[in-house]
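Survey of secondary and tertiary structure
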Amino acid sequence: MERLIADTHRCSSEPDASEDAHILLADEAELHAESARHLAIPEELFRLAELDVLYDGDAQTLWTYMRPQGRPSFTPPMLGDFANWQRLIELGFGPDKVPLKFLVLGSRAPGVFCFGGDLDLFRRLIETRNREGLVTYGHRCCQILHRNMNSLDLPIVTVGMVQGDALGGGFEALLSFDYIVAERGASFGLPEMMFGLFPGMGAHSLLSRKLGSAMADRLIVSNASYSAEQLYEMGIVHVLAEDGEGLKATQDFIRRSTRKHAGLVNSRRAMKVCWDLQLEELTRITELWADAALQLGAKDLKLMDRLVTAQTKLVRAA
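Please read all numbers here as calculations on a predicted model, not as lab measurements.

Throughout the structure, instances matching the rule amount to three cavities of 30 Å³ or more. Approximately 410 Å³ is the volume found for the largest cavity. Residue lining of the largest cavity: 33 residues in total, with Phe74, Gly116, Gly117, Gly169 and Ala173 positioned closest to the centre. When residues of the lining of the largest cavity are assigned to their parent elements, the largest contribution, five residues, is made by helix 5 (residues 131–149).

Right, let's talk about the confidence of the model for the protein for a bit. In low-pLDDT regions, the fine details of the predicted coordinates are not to be read closely. Looking at the protein as a whole, the pLDDT averages 89, with 88% of positions reaching at least 70. Note that residues 17–26 has pLDDT below 50 and, in this model, 10 contacts with residues that lie over four places away or in other chains.

A word on the nonpolar core. Leu45, Leu62, Trp85, Ile89 and Phe188 are the most contacted members of the largest nonpolar core, which has 79 residues in total. When residues in this core are grouped by element, the largest group, eight residues, is from helix 5. Among all residues touching Leu62, those that are not within four sequence positions of it are Leu45, Val53, Leu54, Tyr55, Trp85, Ile89, Phe93, Leu100, Phe102, Leu103 and Val104. Counting residues in each nonpolar core, the second largest holds 16 residues, with Phe102, Val104, Val159 and Tyr179 among its members.

Mapping Thr250 onto the fold places it in helix 10 (residues 246–258). You can call Thr250 buried: its relative accessible area is 0%. Once you skip the residues sitting within four places of it in the chain, Thr250 turns out to touch Trp63, Val104, Val159, Met161 and Val181.

Take the layout of surface pockets next. Roughly 240 Å³ of internal volume is contained in the largest pocket. As for the largest pocket, its lining consists of 16 residues, of which Met149, Asn150, Asp153, Arg269 and Lys272 are closest to the centre. Those elements giving two or more residues to the lining of the largest pocket turn out to be helix 5 and helix 11 (261–275). For the lining of the largest pocket, a count of residues per class yields six nonpolar, four polar and six charged. The computed volume of the second largest pocket comes to approximately 190 Å³. Lining the second largest pocket are 14 residues, with Leu167, Pro191, Ser225, Leu307 and Gln311 sitting closest to its centre. For the lining of the second largest pocket, the element with the most residues is helix 13 (residues 298–317), which contributes four residues. Classifying every residue of the lining of the second largest pocket gives eight nonpolar, five polar and one charged.

The rules we used
Residues numbered from 1 in each chain as written. Predicted model: local features only at pLDDT ≥ 70, side-chain atom pairs only at ≥ 80, totals over all residues. Heavy atoms only, no water. 1 Å grid on protein atoms, 1.4 Å probe; cavity = no way out; pocket = protein on both sides within 12 Å on 5 of 7 lines; lining within 4 Å. Points joined across faces, edges and corners; volume = space filled by probe spheres on them. Helix = DSSP H or I, 4+ residues; strand = E, 2+ residues; numbered from the N terminus. pLDDT = per-residue confidence, 0-100. Contact = heavy atoms within 4.5 Å. Core = buried A, V, L, I, M, F, W, Y, C linked by side-chain atoms within 4.5 Å. Buried < 20%, exposed > 50% of the residue type's maximum accessible area, 1.4 Å probe, protein only. Nonpolar A, V, L, I, M, F, W, Y, C, P; charged D, E, K, R; others polar.

Next up, the structure:
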């Protein structure tokens, strides 16, 4: 840098050379500033155990993929990673920090976005009559979902990228994103009613606001599977992609949305003002869910075990 400044002074009688040097100085200063901004991203964000995180500076997009160590569900370690993920994003990105416009969540599990809640954990807590454990788990999920629904209080657009099945809590989590891109082969559903329970971490609150209470109730109690195309017709899925084209469709959505980014951010903020969905509403429903879970009988728990076994086999086959 000192040599470049000295060369600029020596060539001051040659306007063209001086102009070139000043451009070089400006470019180098800009590069230093950009590097400093990128160094401001907490390194811990890229070392999470069950989340792969990549930052695309050109598109100002943070790509995140769930990489579960077991069944693709929201286990306590996965929830811990999500809580840290949110904290570190808030710490490193935003106005006067590293620029961020889009936040994308996908999955590395073949054919699965997420199976939702940790059924193994639920069964153990139910058998030991541990209501506090169920409530603690549910409240933790609600806190993460509510922060995501509010885009971490950052001027960003959040996108759920679905390239496989999204069931139970996996579907509920997607409902907290601003936009959902889904491949046609993806399947969505809320199977909790199958074993006498109901989705307790956001489905009632978010579906009733998006679809109305009657349609929300139909999705929740039907125990039916819905295709990406069906949810697109309902307005839950926003972009349909051919199988294997989910990533490209998400990239295209980001390119199309960049110019109108401010409008999208503020439109979604206005929508959430209309929703007036407070964290207390979510946690109260979770407590109802915990009470319902403790009413499950032996047959219900066996059915829950069979569902876990079926999901495990599906993942191993994939």
